[in-house]
Amino acid sequence: MKLGLSSYSFRPLLANGALQIEDMFDWLSANQAEHLEIATFSFAKPGTEAGYDLTTETETLQRVTAASAKTAVPISGICLGAKLVFVDADERRAQIELVKRHIELCNRLEIGLLRHDVVLWSHRFGQTAEFESVFPAIAEACHEIASFAATQGVTTSVEDHGFFMNGSDRIRRLLHAVNLPNFKFTLDVGNFLCVDEDAVVATKASLGDASFVHLKDFYVRRTAPGPGWLETLGGQFIRGSVFGFGDLQTKMILEAVVASGYDGFVSLEYEGNEPTLFGCETGLGNIRRMLGEIRGA
């Protein structure tokens, strides 16, 4: 296992200019992170996240690759949003081509892993009939994308992200429908809460299909605590926390990851309200401590 962070963890500081790309890599190196996973919108100026296309940002890419080379912190993967359903035919084609351009970018930068969405994360699951009506289109687009990625030496994946294409059974159903060896699961241990699935159970069920693992933690409440909390599909309320501070059974989750034999990249995704670098450093330390306890080190 190689433990690092997602650039998403640093988004607040990147957005307000308090942290530059080079500073982020210096921080990663100083804290002995083994990789950086890029969430593309992390580098977008505030208000431009939705239409952000990293493949066109030549200066940003040059700075990222230079900082990676200088610090010897490799880039492990790229994550980007995509809307492959609930859009018209022209937009669907444009979104597929957007993902393909990022696959080509992975190839150029010698990055082997790319995660793409299939729908806006905020789109909430309604009636089962709605999901069934668009599932074939989701599978078709993912198959086209993964087939192209195979020619570029890239493994693609979807994540349990948001409220629609989420839940371990739904993701595994999509993997079965696409049925390509380079189409996998970016397993986010915390995002299952968005659809009220038990994080430990879902993680154990999904590790065999994982190409990447995201670690995060949440506070969970049954009734609305006030502003700043996200309501789940089933009416619970969650808010990001420092890894190990929240209500997830984080050590049990890590025990499951270790027991599975998973040996790929693991990213901490910090999205709590505590100061960004405190959350990143403390969360990273908690993961290492728990892994040490699990392994008897």
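All figures in this text were calculated on a predicted structure; none of them were measured in a lab.

## Some details on the sheet that holds strand S6 (residues 183-188)
Within the closed barrel, the 8 strands sit side by side as S1-S2-S3-S4-S5-S6-S7-S11. Their pairing is parallel. Neighbour-to-neighbour, the strand axes of the sheet open up by a mean angle of 30 degrees, direction not taken into account. Of the pairings in the sheet, the one linking strand S7 (residues 210-215) to strand S11 (residues 265-268) comprises 3 bridges and is parallel in character. For Val213, the partnering residue across the bridge sits in S11 and is Val266. Contacting strand S5 (155-159) and S6, helix H6 (residues 168-178) runs over the sheet at an angle of about 170 degrees to S6.

## Considerations on the environment of Gly190
Mapped onto the secondary structure, Gly190 falls in the loop between S6 and helix H7 (199-206). Those residues within four positions of Gly190 in sequence are excluded, and the remaining contacts are Lys216, Phe218 and Leu248.

## Section: the pairing of strand S1 (residues 2-6)
Within S1, 4 of the 5 residues are buried, leaving the element largely enclosed by the surrounding structure. One ladder, built from 4 bridges, connects S1 with S11; its direction is parallel. Paired with Leu5 across the two strands is Leu268, which belongs to S11. Here S1 pairs with strand S2 (residues 36-39) via 2 bridges, running parallel. Pairing of Ser6 across the sheet is with Glu37, part of S2.

## Thoughts on the packing of helix H4 (residues 89-109) against helix H5 (residues 128-151)
Two elements in contact, H4 and H5, have axes separated by 10 Å at closest approach and are oriented at 30 degrees. The orientation of H4 relative to H5 falls into the category roughly parallel. Relative to H5, H4 is oriented so that their crossing is right-handed. Residue-level inspection shows Arg92, Arg93, Ile96, Val99, Lys100, Ile103 and Glu104 of H4 in contact with H5, the latter providing Ala137, Glu140, Ala141, Glu144, Ile145, Phe148 and Ala149. Looking at the contact of H4 with H5 residue by residue, the class counts come to 8 nonpolar, no polar and 6 charged.

## Digging into helix H8 (residues 250-260)
Regarding H8, the residues found buried are Thr250, Ile253, Leu254, Ala256 and Val257. Around the axis of H8, the buried residues are gathered within 155 degrees of arc, so they sit on the same side. The inward-facing, buried residues of H8 abut H7, S7, strand S8 (217-221) and helix H9 (276-295). Just downstream of H8, Gly261 is the residue with a positive phi angle, here 85 degrees.

## A short note on the side chain of Asn31
One can find Asn31 in the loop between helix H2 (21-30) and S2. A polar side-chain atom of Asn31 sits 2.9 Å from the main-chain carbonyl oxygen of Trp27. Not counting residues within four places of it along the chain, the set of residues in contact with Asn31 comprises Glu281, Leu284 and Arg288.

Thresholds applied
Residues numbered from 1 in each chain as written. Predicted model: local features only at pLDDT ≥ 70, side-chain atom pairs only at ≥ 80, totals over all residues. Heavy atoms only, no water. Pairing = 2+ DSSP bridges. Helix = DSSP H or I, 4+ residues; strand = E, 2+ residues; numbered from the N terminus. Axes fitted to C-alpha atoms, helices over the stretch in contact; angles between N-to-C directions. Contact = heavy atoms within 4.5 Å. Buried < 20%, exposed > 50% of the residue type's maximum accessible area, 1.4 Å probe, protein only. Parallel < 35°, antiparallel > 145°, perpendicular 65-115°, else oblique. Left-handed = near helix turned anticlockwise from the far one by under 90°. Nonpolar A, V, L, I, M, F, W, Y, C, P; charged D, E, K, R; others polar. Arc of directions from axis to C-beta. Polar contact = N/O pair within 3.5 Å; in protein donor to acceptor, adjacent residues only side chain to side chain.

Distances and angles like these do not, on their own, reveal function.
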